[in-house]
Amino acid sequence: MSHSQYFITAISNSGGAPEQAYRKLQNAGACPSAPYGEMFKLEVPSLMVGTLDSLMNLSDDLGKTDSLIESIVRKVEKSSSELAGKKATELTVGGVPSSRYIQQFAWDYAKYPNRRPLKELVSLISSGVAAIDEELKQLTNSYGEKQVALQDAKRKKGGNLMTVDLNDVLDERIVRNTKIYDTDYLKTIFVAVAKSQEKAFTAEIYKLGTDLVGYGGPDWSNNPSGLGQGTAFGNQVDRHRVRGSPVVPGSLEYVTADNDSVLFAVTILKSMYEAGYYECDEFVQGTKIDLEEAFSKILREKRYIVRDFEWDPSSKGKAAMALEQLNVEVDNMRSGLTRWCKTHYGEAFVAWMHIKVIRVFVESVLRYGLPVDFTAVLYKVAPGKETQLTEALDKTFGTPKGKDDEDIDDGEEYHDFVLIKFDP
């Protein structure tokens with residue numbers, strides 16, 4: 001990346017030879033008596049002028065287009081730098097440093113035909129850079145998502161029982177010695193808790209979710225004499241007049257532990273059926289209420305981690321293989337995106353310079369009129385000489401300003417000649 005500042009300056013030839021204007025520009029800021037920078041000739045092609053109104057409208061839009069394309073150049077540059085890290089190298093334009101490309105600028109007539117209307121030409125350049133911007137967004141998003149997946153895999157691989165893949169931790173002996181249920185109405189869930197929470201968890205597990213399950217209804221076990229007798233049932237019974245926890249009494253089991261956490265298994269009522277009922281002559285179907293999700297939510301609120309687990313002996317070691325595959329994919333995407341940035345940085349930079357040359361042409365025609373008769377040069381400003389060079393150019397090509405002129409400027413930088421400043 002070049003850190004030098006550049007000025008593009010254009011003055012009218014006033015009917016004289018371009019060489020005379022060139023010498024004036026050189027004497028103003030790039031000679032022994034005015035050593036404020038190094039000067040280079042700038043090729044400005046013969047572009048289609050069109051109407052004065054179209055030039056004025058285009059002039060307003062060109063400044064915005066210039067800034068927009070510059071922002072895309074910076075995005076590509078930043079992405080390349082972040083990808084390379086400490087190994088970052090200077091991006092090039094057509095195989096040469098950006099500073100050399102600027103100083104040796106030549107209009108690309110094949111890519112940007114100079115006889116096309118200016119508005120179409122600007123649109124052609126802008127659309128090409130917009131496509132680069134859109135592709136960069138898609139590539140960086142894909143790369144970012146893959147990095148997130150890699151970090152998540154690393155976290156699970158090197159984490160504790162709260163994050164690690166349980167198939168990589170539990171063996172067949174542990175699973176065989178643990179009572180695991182998964183029926184229509186019973187489900188064994190695995191819960192990881194920090195060791196600092198172990199005592200509290202074991203003390204309160206059977207008291208959690210005491211308002212989730214309705215246990216009301218006919219109880220023939222306590223009143224066997226009523227068995228078979230007419231009694232209220234279905235929707236005629238208030239199931240929720242007696243409530244309790246879905247945890248099956250005595251089902252809590254210690255499974256395993258590591259340095260930070262403990263894994264438990266506990267069996268709960270998986271769901272509860274609410275009886276259907278008749279509404280007039282129409283039967284309303286009963287519903288099954290999911291208790292597992294409601295109970296899991298209560299556990300999460302207590303900062304107990306419910307672990308999804310399905311024993312699969314064949315999956316042991318798959319996490320390590322998946323992690324290795326993700327590492328390879330991320331490396332490949334990084335390499336591909338780095339190459340993409342190197343290629344498309346040059347394309348965006350070329351478009352940026354062509355827009356600047358179009359700006360010089362349009363501003364010069366608006367300022368100096370027709371026929372087109374001006375000379376443009378490029379100054380590579382010497383370090384710390386920006387102000388001196390600007391003042392020298394104003395002194396040579398400007399007219400003295402009165403107080404009224406200063407008020408009209410309203411703080412905006414104005415010169416009696418075309419001047420475009422930029423940092424590549």
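Structure: see above.
Structure report, in brief. (Residues numbered from 1 in each chain as written. Predicted model: local features only at pLDDT ≥ 70, side-chain atom pairs only at ≥ 80, totals over all residues. Heavy atoms only, no water.)

**Description of helix 1 (residues 18-29)**
Here's step 1: For helix 1, which comprises 12 residues, the first-to-last C-alpha distance of 17 Å matches the rise-based estimate of 16 Å (1.5 Å per residue) to within 8%.
Here's step 2: When we look at burial in helix 1, the residues that qualify are Ala21, Tyr22, Leu25, Ala28 and Gly29. Taken around the axis of helix 1, the buried residues stretch over an arc of 125°, which confines them to a single face.
Here's step 3: Its buried side turned inward, helix 1 meets strand 1 (6-12), strand 2 (30-31), strand 3 (34-35), strand 4 (37-41), strand 17 (374-381) and helix 9 (386-397). (Helix = DSSP H or I, 4+ residues; strand = E, 2+ residues; numbered from the N terminus. Expected span 1.5 Å × (residues − 1). Buried < 20%, exposed > 50% of the residue type's maximum accessible area, 1.4 Å probe, protein only. Arc of directions from axis to C-beta. Contact = heavy atoms within 4.5 Å.)

**Digging into the sheet that holds strand 16 (residues 305-307)**
Here's step 1: Within the open sheet, the four strands sit side by side as 10-11-7-16. Their pairing is antiparallel. At either margin of the open sheet sits one strand with a lone partner, and together these are strand 10 (253-257) and strand 16. Geometrically, the sheet is characterised by an average inter-axis angle of 35° between neighbouring strands, direction not taken into account.
Here's step 2: The sheet strands contacting helix 7 (residues 291-301) are strand 7 (186-194), strand 11 (261-269) and strand 16, and the helix crosses strand 7 at an angle near 10°. (Pairing = 2+ DSSP bridges. Axes fitted to C-alpha atoms, helices over the stretch in contact; angles between N-to-C directions.)

**Examining the layout of surface pockets**
Here's step 1: In this structure, the largest pocket occupies an estimated 710 Å³ of space.
Here's step 2: As for the largest pocket, its lining consists of 25 residues, and the residues nearest its centre are Arg359, Glu363, Glu413, Leu419 and Ile420.
Here's step 3: Taken together, the elements giving at least two residues each to the lining of the largest pocket come down to helix 2 (52-84), helix 8 (318-368) and strand 18 (418-422).
Here's step 4: Element by element, the count of residues in the lining of the largest pocket is highest for helix 2, at seven residues. (1 Å grid on protein atoms, 1.4 Å probe; cavity = no way out; pocket = protein on both sides within 12 Å on 5 of 7 lines; lining within 4 Å. Points joined across faces, edges and corners; volume = space filled by probe spheres on them.)

Treat this as a map of the structure, not an account of what it does.
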